[in-house]
Amino acid sequence: MSDEERDRLKAKELRKNPGGTLNNAWAQAHSGAPSSGCLINIISVLLIVGIMLVARACSN
């Protein structure tokens, strides 16, 4: 399967399941794997920052 076909199938699946974007972002934030999608990267950064803020609030 080519990269283009895989990306097309991923985009099609994300249109069917909007929650898949969050799951994908969570998995990439957890594993540290970079993505080619801008939205995934933004959500990954926001998840990491959110986790850091929760940890900091709980430690005080």
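Note that this is a predicted model, so its numbers are computed, not measured. (Residues numbered from 1 in each chain as written. Predicted model: local features only at pLDDT ≥ 70, side-chain atom pairs only at ≥ 80, totals over all residues. Heavy atoms only, no water.)

J.: Could you give an account of the overall build of the chain, with specific residues and numbers?
T.: Broken down by element type, the chain carries 3 helices and 0 strands. Reading the chain from its N end, one meets helices and strands in the order α-α-α. In the structure as shown, the chain presents an accessible area of about 4800 Å², 62% of it carried by carbon and sulfur atoms. (Helix = DSSP H or I, 4+ residues; strand = E, 2+ residues; numbered from the N terminus. Areas by Shrake-Rupley, 256 points an atom, 1.4 Å probe, with all protein chains shown as cover.)

J.: Give me the lowdown on helix H3 (residues 38-59), citing residues and values where you can.
T.: Taking 1.5 Å of rise per residue, 22 residues should cover 32 Å, and H3 covers 32 Å from first to last C-alpha, within 8% of that figure. All buried positions along H3 are accounted for by Ile40, Ser44 and Leu47. Down the axis, H3 shows its buried residues gathered within 60° of arc, on one side only. Exposed side of H3, more than 90 degrees from the buried face: Cys38, Leu39, Leu46, Met52, Leu53, Arg56 and Ala57 are the residues found there. Where H3 is buried, its residues meet helix H2 (19-31). (Expected span 1.5 Å × (residues − 1). Buried < 20%, exposed > 50% of the residue type's maximum accessible area, 1.4 Å probe, protein only. Arc of directions from axis to C-beta. Contact = heavy atoms within 4.5 Å.)

J.: Tell me about a positive patch on the surface, and name the residues and values.
T.: Taken together, the side chains of Arg8, Lys12, Arg15 and Lys16 define a basic patch exposed on the protein surface. Among the structural elements, Arg15 can be located in helix H1 (residues 3-16). (Patch = residues over 30% accessible without salt bridge, like charges linked within 9 Å, V, L, I, M, F, W, Y side chains within 5 Å. Salt bridge = Lys/Arg side-chain N within 4 Å of Asp/Glu carboxyl O. Lys, Arg positive; Asp, Glu negative; His and termini not counted. Charge placed at Lys NZ, Arg CZ, Asp CG, Glu CD.)

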